[in-house]
Every structure is written in C-alpha cells, then in structure tokens.
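Coordinate analysis (summary)
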Amino acid sequence: MAVLGLALFLPTLPAAAEDGHDLWLRYLPVQESRVAAYRAQATELAAATATPTQRVARDELLRGLQGLLGTAPAVVPKAGRAGALLVGTPASSPQLRALKLDLSTLGEEGYLVRSVRIDGRAATVVAANTDVGALYGAFHFLRLIQTAQPLDALDIREVPRTKVRVLNHWDNLDRYVERGYAGESIFDWHRLPGWKDPRYTDYARANASIGINGTVLNNVNTSAQMLTPMYLEKAAALAEVFRPFGIKVYLSARFSAPIEIGGLKTADPLDPAVRRWWKAKTDEVYRIIPGFGGFLVKANSEGQPGPQDYGRSHADGANMLAEALAPHGGIVMWRAFVYSHEEPDDRAKQAYTEFVPYDGRFAPNVLVQVKNGAIDFQPREPFHPLFGAMPETPLMMEFQITKEYLGFATHLAYLAPMYEEALRADTHASGPGSTVARVVDGSLDGHALTGMAGVANIGVDRNWSGSHFDQANWFAFGRLAWDPYLEAEAIARDWVKMTFSTDPAVVDPVVAMMMGSREAVVDYMTPLGLHHLMGRGHHYGPAPWVAGGPRADWTSVYYHRADAKGIGFDRSATGSNAVAQYAPPLAAQFGDLSTVPEEFLLWFHHVPWDHRMASGRTLWDELVLRYGRGVDYVTGMRRTWDGLAGKIDPERHAQVAAFLAIQEQEAQWWRDASIAYFQTFSKRPLPAGAAPPAHDLEYYQALQFPFAPGDGK
Ligand code: GCV
C-alpha cells in the first residue's frame, strides 16, 4: 500500500529545482489517475479576447491547464464539444448570454462556476457581469483542479464580501521595506517607468488569484516625493501592468505634502489654499494614473504630520482629501493607528478616545482603517475596541501579513487562525453575534463601502515572502479579505495542495502543523496575554527588560509591569479601565479576574504570581509551562517536517528544515530569556521538570543586533 501510494504521487515532483517563485500558481501535473477526467471537462476553451482582462483570463487558463493536464484545450470562438469551458460575460459572449443565467446578484466582481448543458452537451461555464469577475472565476476553476476537486456538478457562486481588498506595502522609495523580511521592495522605482519588471505581472496574477483588488505602493511613513510628477509617472507604469488584473493603485499621502512639494506655508486642512492644492494634486494624479484608487494616510501617529498639528481633527483631515477624491470616485483610507506624544493614558485606549467622538463625521468615501488589536499586531491581542464602537463610520480591517512580531520570515507561523480569531470575535455592539467580520463586511451597520488591508510580506526574494510558509499568509489574507467567514484550516488545506502536494500524507500533517503554529509563537513569546516584549527598535528577539528611552509606551516594562506581587497590565476598572471601551457584557467579562479568558489574562489584569489558573497551577508555573510548550511545538514541527523528506522537493524541504531549526533555537531563546528575567520578580523556583535557562539573564541582556532587518528608519 505504501509503495503504491508513493508511485501514485511521484509524478507531482517537479524535474526542475523549486525556488518558490511560482507561489500557489505552480500548475504542476495532477495525479495521473485524474488527468483523463479533467481533460474531458476542459476539452476546449471558449473565451473572448477583446479586452486586456479577457486576454489575461484566457492566458491564465491556458497556462494552468497546460501545466496541470499536460495539454491546453483548443481555443474556439464558440463552445461546440462536450466538455467545453465557456468563460465570459453576457456582453462578451452571445453563447453565454443565451444561457440566461441569473447574474443579478453577482455585482461587479462576483462569478458563477457552473456545470451546464450547451446544445445538449455537458459544459462548464464561468460567468460574471464583468471581465474581472470572469477572471476571478477562471482562477477559481483552476483552483478546483489544483486542489483535486471534482468538476462535474459544479454550482459555485462567489461574491466578495468586502469591496476594497488591498495590500499595504511599507516600501520606501529607496526600496527599503519597513518591517520587511524578504529583501528589497519589488518596486524598482529607479528603473520605472522605462523598465517594467516581469515580476509585476506575476505579482498581479498572484493577487488576482486570491481576489486582491488594490495595492498601496508606498509606506505609510511616506515621503511627499511620491506625489511628484516623476514618481506618479512611475506609479502609472505599475498601474498599467496591474489594471487588466482588476488591481487598482493607491498611494500613501503625506499630510504635509502641500508644504514640502507644494511650496505652501501650511497643511491646515481648513485652509482654502491647502484644499485647492490637494484638489489640483488629486486631479493631476488621476490624469497620470487613470483609475487611481485613492489615498492611505497615517496622520498624527509616531511623528507623522497630520491635522492635529493645526488644531484640526482626523475627520477634518480625512474629509479634505475625500472631497478632492470624490469627483473621481476615489477613497481615503484613514488609519486609526494613533497614540499621542502628550497623552499619558494607556496606549491601548488612545485610538478609541480620539476616533469615537468623530463617528458619523467622516465623508462617505472615507474608510477608517483599524488594526486588529489596539496595541500593534502582537502575536495575540483582543480585538480592537473601535470595532463596534463607530456604527456610523465604515471601518476597514488592517492585518499585518509581514511578521514583525511573530518571528520575522524564519519562524513558521500561519496567521490565518489569528485573523480568524479577530474576525470571529463578538463585539456585542448590537447584541450577541455582532462579530468583527460583520463590522468589516458592512452587514452590521449597513455600510456599502467596506475593506480589508494587509501589510505585505513581499520583497525581491525569489520566493517573494522570505520563506515558503509565509506565502500562506499572503494567500490567506486575500482569501479572508474576499470572504471573512472562511475557515483558516480550509484555506491552509487549499494552500498546501496548491503549493506543495495534494498527497494526503503531505497535506494532513502540514495543515495540522500550520494550524497550531501561531499559538506556539504566542506561547514562546507572549503567553497568557503578555505583549510588546521584543527588542527595541528592530523588534527582534526577547527583551522584556527594555525600559527608559524616549517614551514609556515604547518599552517592555510599560506593558508587563512585573513586580514582586505579580505581572500584567491592569486595564480593569481599578487600572486604566480600557475594558470600559468594550460593550458592557465584554467589559464585565474582561474586567473580572474570575471570568477573563486566560489568553487575555495579563492583557487586562495585574495578577499575583500565586494566582490559581484553570489548570490548578499557579500563574508562575503556568507561565513557565506555556513558554516550554511553545518550544516543544516547534520541536514537533521539525520532526513532522523531517518525516516529509522525499515527499517535498528537496530545495524547499531543505530551506524549511533550516528555518525550523532557527525557529527552535529562537523559541528556546525567547523562553529562556523571558523566564530568567521574570524569575527575578517572581522569586519562585521553576516547576518540577522545567529546565533552567541555558544562560544567565546578563547574557541575554547583553545581546545586540544592530543590523537586524526591517527596522523603522
Ligand atoms: C509603518 C509599528 C511599526 C512601525 C509602523 C507602525 C504603523 O509601530 O513598528 O514600523 O510604521 O506600526 O503601523 O504605522
């Protein structure tokens, strides 16, 4: 049986070395036993080619089917044979029109993939109202084959649940990527617009394949230069490549640009000259970049300029830009990641405090972009209290795909369970069932403008994301932006099948390993609700001892507050009272030590070292155990992965194995350094069986990493 299994799956191993560049669009031959059935269901392809989008859909299908089935179907003007594949819109295909399919609920981006009969013969139709919808459907059709699904009796109807599904690149114009762990920016500004790297097309294909329909090209900590004609021409060249794939270009706009590149004395959003400047600038942007999407703004946050510099509000700033964009159909994505320099209050409370008073005061083409948690993309945070608290304002989700706080590119951490956890969290804003997903997709409060942003993990590394497994986080983000109700595990399953193998002997263990991987990071870095304990500036490695410096809320001690009595940030009514920003049932649950979920224990409470946990252990013993559990999980992943040698191509297998070894060492380092440090407060022995840290605390504190990648500049 084992021998048979091997023979069955051998043909899926590629002849050429795999470097990960093809992502989940590898299109390697399917299992021999399935080829005939699939070929019979793609005998010919009837797809119009009058528009660029129609052509990219046709090309993708030909490329995909050629790779998967060893032969591409004949391209015909009209489906005539049994097993034809008909792709298009009622406008592009009279034959499709004649089928009289009900496309009325598909909107501009939805599609059907359906088994039909055309002139009495079995056929498959991919139908949409627009070319882009048909392109998405084409990718779905290919995915069915890539994931070894049957193609008979198809009845798929997909409509994206959010409107704006964007990557945010934190890429600077000198190609440095802030919090980037996959090399330089893929956007080669110096050689643009003259040289359009073929990577741009592959980037667009990859994004379109998962439904991403926009990209913000430049860092939110941006230079005003981006808005000068020279750079707009470069962005226009990228927009031209992306357009056929349904991908709009957006730009981060520096709020003080009217001063820096406009020669004005102020950037006050209520100043008529400033407003005129933005209007003219926006008109210019649209002249140069037809179909431009809009602006993303980080204002009055971490030193960035903003309306508050002039005594104006976030709404004043956002609405000024919104007014300039509105005639063109553009939008503003105004970030809520703010915490003030002057404000001594708990940092976790500040975005809520600053934004909630402006609920309902933003222009209709403004989305307020909110990180999933109130601090900053930590391995685990409770959902951001802004979700559910601004019913009159469309809020878009901002997830981080790049792993600034989850081990950079070397740690294997599949983030979809974290995204899923945030999206499924119940805000209780309009009673039970008011999930974050329902805030984000607009269904809770009836918003039509909706969106999700993912801070990209893409760079010039051959494998795009710095590690093979980090590709899964890009993939999962796109899929969840399209449908925030998808399950992390199902997404992982698709991704593994498309990226590594459809062999269940690979899929099952790899999916299982991925599904627990984020929790393992939580365990070995920040268990039980701890947060923000990483190295200063570069954010690499453990540094719970970080104290002093320019601001208290950039230190670790501010967040863990360990002392002789216990550990944790008291955000209950006796502390900062951040709990009060949640709906009453949650405020009560989080605010009470006896009901707070243990995963958020030290987020909301300062807890005595001897506090009894659900396990019966003391807090201190539990903490030590969780650290160790995280390390053990990584050891387990190494074992699983080693067992897959021979089932995965050697190149990717070797790199993942090496990275897992790094992760294991670093997980151990996190555990040991954290325990060594916190033990100086708890003054308790390690629980029985727990190994002492490999080094003393001074050793860990002395480690320096001046060249760790991705630091802010
Ligand atoms: C782009 C965190 C990161 C910064 C980032 C900021 C933000 O503070 O460390 O690098 O800046 O978030 O989201 O604006």
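What you see is a predicted model, and the numbers here were worked out from it, not measured in a lab.

A separate point is the nonpolar core. Of all hydrophobic cores here, the largest spans 219 residues; its most connected members are Phe 242 and Trp 474. Membership of the second largest hydrophobic core comes to 15 residues, among which are Ala 46, Leu 86, Leu 106 and Leu 112.

Moving on, we get to the site of the ligand. Around the ligand, a shell composed of 15 residues is seen, among which Glu 178, Lys 298, Arg 335, Lys 371 and Glu 404 lie nearest. A distance of 3.2 Å separates an oxygen atom of the ligand from a polar side-chain atom of Asn 221. With respect to the ligand, the side chain of Glu 302 contributes an N or O atom lying 2.8 Å from an oxygen atom. When the free accessible area of the ligand is taken as 340 Å², the share hidden by the protein chains comes to 96%.

So, on to the environment of Leu 703. Along the chain, Leu 703 falls in the segment after α22 (697-702). Placed 168 residues apart in sequence, Leu 703 and Gly 535 show a C-alpha to C-alpha distance of 9.9 Å.

Okay, the packing of aromatic side chains next. Counted by the stated rule, this structure contains 43 aromatic pairs. Both rings, one in Phe 590 and one in Phe 600, keep their centres 6.0 Å apart while their planes meet at 75°; by these two values the pair is edge-to-face. Here Phe 590, found in helix α18 (residues 584-591), pairs with Phe 600, found in the loop between α18 and α19 (601-604); they are 10 residues apart in sequence, far enough to count as distant. Assessed through its relative accessible area of 5%, Phe 590 is described here as buried.

Evaluated as defined, the whole model comprises 10 cavities of 30 Å³ or more. What the largest cavity holds in volume is close to 200 Å³. Looking at the largest cavity, it is lined by 18 residues, and the ones nearest its centre are Leu 28, Pro 29, Gln 146, Lys 497 and Thr 502. Here the lining of the largest cavity is built from residues that sort into 10 nonpolar, 5 polar and 3 charged.

Our next topic: unusual backbone geometry. A cis amide bond links Leu 192 with the next residue in sequence, Pro 193, at an omega value of 0°. Within the element layout of this structure, Pro 193 appears in the loop between β7 (164-168) and α6 (198-209). A positive phi angle, close to 55°, is found at Leu 528, a residue other than glycine. Along the chain, Leu 528 falls in the loop between α16 (504-525) and α17 (557-560).

As a packed pair, α16 and helix α21 (residues 650-682) sit with axes 8 Å apart at the nearest point and diverge in direction by 40°. As the angle between them shows, α16 and α21 are arranged oblique. Residues Val 521, Tyr 524 and Met 525 of α16 form the contact with α21, whose participating residues are Gln 663, Ala 667, Trp 670 and Arg 671. In terms of residue class, the contact of α16 with α21 is built from 5 nonpolar, 1 polar and 1 charged.

Our focus in this paragraph is the pattern of salt bridges. All chains considered together, the criterion is met by 44 salt bridges. Close ionic contact of Arg 191 with Asp 188 constitutes a salt bridge, the shortest N to O distance being 2.7 Å. Classification of Asp 188 by relative accessible area gives buried; the value is 5%. A salt bridge links Glu 302 to Lys 298; the nearest nitrogen and oxygen atoms lie 2.8 Å apart. The exposure class assigned to Glu 302 is partly exposed, which follows from its relative accessible area of 29%.

A separate point is the UniProt feature "domain: Glycosyl hydrolase family 67 C-terminal" (unreviewed entry) in the protein chain. Under the feature "domain: Glycosyl hydrolase family 67 C-terminal" (unreviewed entry), the UniProt entry names residues 466-689. As annotated, residues 466-689 has a helix share of 54% and a strand share of 2%, and its two end C-alpha atoms lie 36 Å apart.

Spatially, β7-β8-β9-β10-β11-β12-β13-β14 is the arrangement adopted by the 8 strands of the closed barrel, whose pairing is parallel. Going across the sheet, the axis of each strand differs from the next one's by a mean of 25°, ignoring polarity. The pairing of strand β13 (residues 395-400) with strand β14 (residues 451-455) spans 4 bridges and is classified as parallel. Along β14, the bridge assignment pairs Met 397 with Met 452. The strands touched by helix α10 (residues 314-325) within the sheet are β10 (294-297), β11 (331-335) and β12 (366-371), with β11 carrying the most contacts at an inclination of about 160°. Here helix α12 (residues 416-424) sits on the sheet and contacts β13 and β14; the angle it forms with β13, its principal contact strand, is near 155°.

In spatial order, the strands read β2-β1-β3-β5-β4-β6; together these 6 strands make up an open sheet with mixed pairing. For this open sheet the edge positions go to β2 (74-75) and β6 (155-158), each flanked by a neighbour on one side alone. Bridge count between strand β4 (residues 111-118) and β6: 4 bridges; the pairing is antiparallel. Bridge pairing in β6 places Tyr 111 opposite Glu 158. Here helix α3 (residues 52-69) sits on the sheet and contacts β1 (44-47), β2 and β3 (84-88); the angle it forms with β1, its principal contact strand, is near 165°.

Its location among the elements puts Thr 124 in strand β5 (residues 121-128). Its relative accessible area of 3% is what places Thr 124 among the buried residues.

The subject of this paragraph is the domain arrangement of the protein chain. Segmentation of the protein chain into domains returns domain 1 (19-158), domain 2 (164-499) and domain 3 (523-569 + 606-702). Opposite the 24 residues of domain 1 that make contact, domain 2 presents 29 residues. Between domain 1 and domain 2 the total buried area reaches about 2,500 Å² when both faces are included, carbon and sulfur atoms providing 56% of it. The largest per-residue losses of area from domain 1 upon contact with domain 2 belong to His 21, Leu 23 and Trp 24, which jointly make up 31% of the total buried on that side. At the surface where domain 1 touches domain 2, the tally comes to 4 salt bridges.

Parameters at a glance
Residues numbered from 1 in each chain as written. Predicted model: local features only at pLDDT ≥ 70, side-chain atom pairs only at ≥ 80, totals over all residues. Heavy atoms only, no water. Core = buried A, V, L, I, M, F, W, Y, C linked by side-chain atoms within 4.5 Å. Buried < 20%, exposed > 50% of the residue type's maximum accessible area, 1.4 Å probe, protein only. Near = heavy atom within 4 Å. Polar contact = N/O pair within 3.5 Å; in protein donor to acceptor, adjacent residues only side chain to side chain. Areas by Shrake-Rupley, 256 points an atom, 1.4 Å probe, with all protein chains shown as cover. Helix = DSSP H or I, 4+ residues; strand = E, 2+ residues; numbered from the N terminus. Phe/Tyr/Trp six-rings, centres within 6.5 Å; stacked < 30°, edge-to-face > 60°. 1 Å grid on protein atoms, 1.4 Å probe; cavity = no way out; pocket = protein on both sides within 12 Å on 5 of 7 lines; lining within 4 Å. Points joined across faces, edges and corners; volume = space filled by probe spheres on them. Nonpolar A, V, L, I, M, F, W, Y, C, P; charged D, E, K, R; others polar. Axes fitted to C-alpha atoms, helices over the stretch in contact; angles between N-to-C directions. Parallel < 35°, antiparallel > 145°, perpendicular 65-115°, else oblique. Contact = heavy atoms within 4.5 Å. Salt bridge = Lys/Arg side-chain N within 4 Å of Asp/Glu carboxyl O. UniProt positions renumbered as here; feature names shortened; annotations may be inferred. Pairing = 2+ DSSP bridges. Domains from an automatic or database assignment. Buried area = accessible area lost by both parts, 1.4 Å probe.

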